[in-house]
Amino acid sequence: MSVTPKKSTLTLEPLDEIHKPAFEYRETSFWEARDKDWAARNKMNGSSMNLDESTGGKVGYYPFVHTSYLIIPPDKYFKDHPEYYALVDGKRRSENAQLCLTNPDVLRLAIETVLEWIEQHPEAGIYSVSQNDCEGWCECDNCRRVEQEEGGAHSGPILRFVNAVAAEVAKQHPEKLIDTLAYWYSEAPPLHVRPLPNVRIRLCPIGACEAHAYTNCKDDTYFLGHLRAWSKITKQLYIWHYVTNFAHYLLPFPDFDELAADIPMYRESGVVGIFLEGDYAGGGGGENAELRSYVMARLLWNPRVDVDKIIDEFMAAYYGQAARPMRAYFDVLHRQVRPAPRGKGHHMWIYTNPGAPYLSDDLLAPALKLFHEAESAAADDATRTRVRKARLSIDYVRLMHAKAFEVRDGSYAPANLDRLKERFQSFMNDVRSFGITELHEGAPLTLDEEIFAKLIRPYRVATLENMYVRVDVVPELGGRIIRMIDRRSGHDVLHRPDPGEPAYPDVGGLDVAVYSDYLAPRPYHATWELEPQAGPPELRLIGSFANGLKANRVLRLGKDARYLQTETILENGGTSAVDAVLQSRCVAGLRDMKTSTLSIRRQDRSIVFQKLIEAGQEPKGSQVYEGSELPEGEWRVSDVGPALTLNNRFPKGQVSRCTARWTGKTENSLSLGIWSTKHTLAPGETLKLETDYGITARIS
Ligand SMILES: [Zn+2]
Ligand SMILES: [Zn+2]
């Protein structure tokens, strides 16, 4: 929509003004911002905008990002040239991995490919030579040596490679630019190599808290360090900044204070281009997409604008008489994250789930009231429809909260399943009526409906208990233990997964899975059944796999035992050999990341403590323990409940690595992985993994 103020007389003074945008590249990926007229009027010039020569052109990318496998397609090369691909954990890999960037043939092919791209897409000005959207960097001797020379930075081999491509391109096409990412594992800059003048680095604060100005949030200090270091070594730094929740496009995302502070901060740091990644699904409908696009366009042109005034201006034009309650909702939402004393100071990340503290009832109750007021105040149907569309955010959060499963009378189900089904269907109808096609990045609405129909139903619960522990098992959910309760305190030491997680309730807890390899992206799919004959003190579960594997799992809780014993025997019941490794995984809930510890009994019998939180770093981490670092059959997590410790023991000979992964981003959880030795199981062969879990009270 456009709003044109009416004036009976228009007086024009002589005009002699020159405006220079703060950033040479200005883009957001919100679907709403692609419209040609909108983009031109709002002075955006990015690749996804439908701009052409008639509107002054744009900064055209080709391809946009994550291009490693476009450059060296695994289908074409992996079979004959596995050495082109990353060596990860002792194996060349073409899935969930990168390229070997020190292989001279890979460089030669990359140069050829980029020169072809330039010929085929001469309209583009910038060509992306960038890492895939995963980890899996190359660990071959050459790549490691380059990393070491570059101060241990993974960006070292990447930038040397990209520079080498850019140098060749410059000989034939001096006006063309080459783009790459400083992203995820490559965010920290290299020690020596410097981007060539025709190289653009897009630095991505993927792990930053988006609720607060980066200079004002302790969780973002690490990123400011990267930003300063990159801006010291290049005068052409671009930023890839995130302005939506990619796991939940509709989730309220109060980041306007952050944007108003950080876009000027980028400018002062010497940044010359910004991409603001939002909900790019066809049909749009991301949280606040219209307001956001309007405000962001102004900030990218001139970071010194008064954002508050722009918000008011937009609301008045867009919501008319409903603007007052809509602005009040916007303010209530932002107060959830504003630092005290102006607000409650909650943090927020781009994959935060709907169970986040800033989305609790102290937001939902006033929000519902204000949306009701706004609908009543709306002067016409068009305005009322806009208010209703904005309200989807609150409807979504409430729906996700209502999905929470509970154990009741031997059943695991949401509190009011029939009502929930009706609400879900009516919500999906609303979503469709606004033309929305995705609620989560890359997932069509039909997938939400399929998963809901398949997973949201009652499940039978089997229970083991003694005077110390109660364990609730849902055989149909992967044979998963969903609760492990300390009987004395009544506290469940397992992390309660968020109902907004895509596969909920088939997530978290304590379970066993079979993989082809330690780094396989997914386990083999299995269906689990409870063996009806067995009863307390043990439960027996049978897992069947499509590839012929069969698992027998026993969970045993003796009368006076403080430990739940688990034993899984995997057998190859098929006719051909299968690569297999068993993983027992337990996701513990932590009370407080700052006080919880992961302690490991080392092989020399000493105890070491894994640090979970480091000042100024992202509040999350992971660690692999193997070889001489493998725990001596025991490790434990403290503070999984009031003065409670979770102990995990295993016979050393069966285990070849342990993995820990933890996060304090909105939820506090720590996942312990016990991995068996890896085998190629011939038909009839078996593989066993035993591991025990117990709760002890801290003696104080
Ligand atoms: Zn390599
Ligand atoms: Zn923060």
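You'll find the structure just up there.
K.L.:
How should the overall build of the protein chain be read in this particular structure?
P.N.:
Across its full length, the protein chain carries 15 helices and 32 strands. Taken over the C-alpha trace, the protein chain has a radius of gyration of 27 Å; the compact-globule value for 700 residues is 27 Å, and the two agree within 12%. Considering the protein chain as a whole, with its 700 residues, one finds that 54% of them fall into the buried category. Within the protein chain, residue pairs in contact and separated by at least 24 positions form 68% of the contacts whose partners lie at least 6 positions apart. Only carbon and sulfur atoms are counted for the fraction: they give 50% of the accessible area of the protein chain, which is about 30,900 Å².

K.L.:
I keep staring at the environment of D517 and nothing clicks. Help me out?
P.N.:
If you trace the backbone, D517 turns up in the loop between β18 (510-515) and β19 (526-530). With 160 residues separating them in the primary sequence, D517 and T677 have C-alpha atoms 10.0 Å apart. A polar contact of 3.3 Å, which involves the side chain of D517, links it to the side chain of K678.

K.L.:
How should I be thinking about the packing of aromatic side chains in this particular structure?
P.N.:
The tally for this structure, following the rule as stated, stands at 29 aromatic pairs. Ring centres 4.6 Å apart and planes at 80 degrees place the aromatic pair W240 and F275 in the edge-to-face group. Taken together, the residues W240 in strand β7 (residues 238-242) and F275 in strand β8 (residues 273-277) connect sequence positions 35 residues apart. Since its relative accessible area comes to 6%, W240 is described here as buried.

K.L.:
Which parts of the structure should I look at to understand the sheet that holds β8?
P.N.:
Through backbone hydrogen bonds, the strands of a sheet pair up, either in parallel or in antiparallel fashion. One open sheet accounts for six strands, arranged β1-β8-β7-β6-β5-β4; its pairing is parallel. The open sheet has two edge strands with one neighbour each: β1 (25-28) and β4 (126-128). Between one strand axis and the next, the sheet turns by 20 degrees as a mean value, whatever way the strands run. Relative to strand β5 (residues 177-182), β4 runs parallel, the two sharing three bridges. Within the sheet, the bridge partner assigned to I126 lies in β5 and is L177. Sitting on the sheet, helix α7 (residues 221-233) touches β5, β6 (199-203) and β7, and the angle it makes with β6 is about 170 degrees. Relative to β1, helix α9 (residues 289-301) is tilted by about 170 degrees, and along the sheet it contacts β1 and β8.

K.L.:
I would appreciate a short explanation of the coordination of the zinc ion (ligand 1) in the present structure.
P.N.:
Reference geometry at the metal: tetrahedral coordination by four donors gives ideal angles of 109.5 degrees; octahedral coordination by six donors gives 90 or 180 degrees. Distances from the zinc ion (ligand 1) to its protein donors, C100 (SG), C138 (SG), C140 (SG) and C143 (SG), fall at 2.3 Å. Geometry at the zinc ion (ligand 1) is tetrahedral, judged from its four donor atoms and the angles of 105 to 113 degrees they form at the metal. Each donor residue of the zinc ion (ligand 1) belongs to the same chain, and together they define the spacing C-x37-C-x1-C-x2-C.

K.L.:
Can you help me understand the coordination of the zinc ion (ligand 2) in this one?
P.N.:
Within the protein, the atoms that donate to the zinc ion (ligand 2) are C209 (SG), H212 (ND1), C217 (SG) and H347 (ND1), at distances of 2.1 to 2.3 Å. One can describe the site at the zinc ion (ligand 2) as tetrahedral: its four donor atoms subtend angles covering 99 to 118 degrees at the metal. Mapped onto the polypeptide sequence, the residues donating to the zinc ion (ligand 2) form the spacing pattern C-x2-H-x4-C-x129-H.

K.L.:
I would appreciate a short explanation of the nonpolar core in the present structure.
P.N.:
The nonpolar side chains of a soluble globular protein tend to be buried with one another. L227 and Y412 are the most contacted members of the largest nonpolar core, which has 157 residues in total. Setting aside chain neighbours within four positions, we find L227 in contact with L203, L237, I239, M265, Y266, S269 and V271. In terms of nonpolar packing, the next biggest core, distinct from the first, is built from 53 residues, L510, V514, V578 and L672 among them.

K.L.:
Which parts of the structure should I look at to understand the pattern of salt bridges?
P.N.:
For side chains bearing opposite charge, pairing can occur when the charged atoms are close. Evaluation of the coordinates by the stated rule reveals 50 salt bridges. Notably, a salt bridge pairs R657 with D89, separated by 3.1 Å at the nearest N-O pair. In this pair, R657 sits in strand β29 (residues 655-663) while D89 sits in the loop between β2 (87-88) and β3 (91-92), placing the two residues 568 residues apart along the sequence. When its relative accessible area of 27% is taken as the criterion, D89 is described as partly exposed.

K.L.:
Where do I start with the pairing of strand β14 (residues 462-465) in this structure?
P.N.:
On a regular strand, one side chain projects to one face of the sheet and the next to the other, so that they alternate. Residues A462 and L464 point to one face of β14 and are all buried, whereas T463 and E465, pointing to the other face, are not buried. Across four bridges, the pairing between β14 and strand β15 (residues 469-474) is antiparallel. Bridged to A462 within β15 is V473. Turn length for the β14-β15 hairpin, with the two strands adjacent in sequence and antiparallel, is three residues.

K.L.:
Just to check I follow, could you spell out the sheet that holds strand β13 (residues 459-460) for this structure?
P.N.:
As summarised here, the arrangement of the three strands in space is β9-β10-β13, forming an open sheet in which the pairing is antiparallel. Two strands close off the open sheet at either side, each with one partner strand: β9 (405-408) and β13. Sheet topology places β9 next to strand β10 (residues 411-414); four bridges connect them, and they run antiparallel. The partner of R408 across the bridge, within β10, is S411.

K.L.:
Would you mind going over the packing of helix α4 (residues 104-120) against helix α6 (residues 155-172) with me for this structure?
P.N.:
Two quantities define a packed helix pair, namely the angle between the helix axes and the distance between the axes. For the pair α4 and α6, interaxial distance at closest approach is 10 Å and the crossing angle is 45 degrees. By the criterion of interaxial angle, the relationship of α4 to α6 is oblique. For the pair α4 and α6, the sense of crossing is right-handed. Contacts from V106, L107, A110, I111, V114, L115 and I118 of α4 reach α6 at F161, A164, V165, E168, V169 and Q172. When its residues are assigned to classes, the contact of α4 with α6 shows 11 nonpolar, one polar and one charged.

K.L.:
I tried to follow α4 on my own but got confused; where do I start?
P.N.:
With 17 residues, α4 should cover 24 Å at 1.5 Å per step; its first-to-last C-alpha distance of 24 Å lies within 8% of that length. Those residues of α4 lying buried are V106, L109, A110, I111, T113, V114, L115, W117 and I118. Elements that come into contact with the buried residues of α4 comprise α2 (68-71), α3 (74-77), β4, α6 and β5. Residue N103 occupies the N-cap position of α4, its side-chain oxygen lying 2.8 Å from the main-chain nitrogen of D105.

K.L.:
I tried to follow the environment of I481 on my own but got confused; where do I start?
P.N.:
Here I481 is to be found in strand β16 (residues 480-486). Each C-alpha atom, one on I481 and one on L494, is 9.0 Å from the other, the two residues being 13 residues apart in sequence. Once residues within four sequence positions are removed from consideration, I481 is found in contact with V471, D472, V473, L494, G509, L510, L555 and L564.

K.L.:
I would appreciate a short explanation of the side chain of Q98 in the present structure.
P.N.:
Within the element layout of this structure, Q98 appears in the loop between β3 and α4. Side chain to side chain, Q98 and Y185 meet in a polar contact 3.3 Å long. If we ignore the near neighbours within four places in the chain, the residues touching Q98 are S68, Y69, Y85, A86, R93, Q131, N132, C134, E135, G136, W137 and Y185.

Analysis parameters
- Residues numbered from 1 in each chain as written.
- Chains lettered and ligands numbered in written order.
- Predicted model: local features only at pLDDT ≥ 70, side-chain atom pairs only at ≥ 80, totals over all residues.
- Heavy atoms only, no water.
- Helix = DSSP H or I, 4+ residues; strand = E, 2+ residues; numbered from the N terminus.
- Rg over C-alpha atoms; globule rule 2.2 N^0.38 Å.
- Buried < 20%, exposed > 50% of the residue type's maximum accessible area, 1.4 Å probe, protein only.
- Contact = heavy atoms within 4.5 Å.
- Areas by Shrake-Rupley, 256 points an atom, 1.4 Å probe, with all protein chains shown as cover.
- Polar contact = N/O pair within 3.5 Å; in protein donor to acceptor, adjacent residues only side chain to side chain.
- Phe/Tyr/Trp six-rings, centres within 6.5 Å; stacked < 30°, edge-to-face > 60°.
- Pairing = 2+ DSSP bridges.
- Axes fitted to C-alpha atoms, helices over the stretch in contact; angles between N-to-C directions.
- Donors = N, O, S within 2.8 Å, 3.2 Å for Na, K, Ca; no water.
- Tetrahedral: all angles 85-135°; square planar, octahedral: opposite > 155°, others 65-115°.
- Core = buried A, V, L, I, M, F, W, Y, C linked by side-chain atoms within 4.5 Å.
- Salt bridge = Lys/Arg side-chain N within 4 Å of Asp/Glu carboxyl O.
- Parallel < 35°, antiparallel > 145°, perpendicular 65-115°, else oblique.
- Left-handed = near helix turned anticlockwise from the far one by under 90°.
- Nonpolar A, V, L, I, M, F, W, Y, C, P; charged D, E, K, R; others polar.
- Expected span 1.5 Å × (residues − 1).

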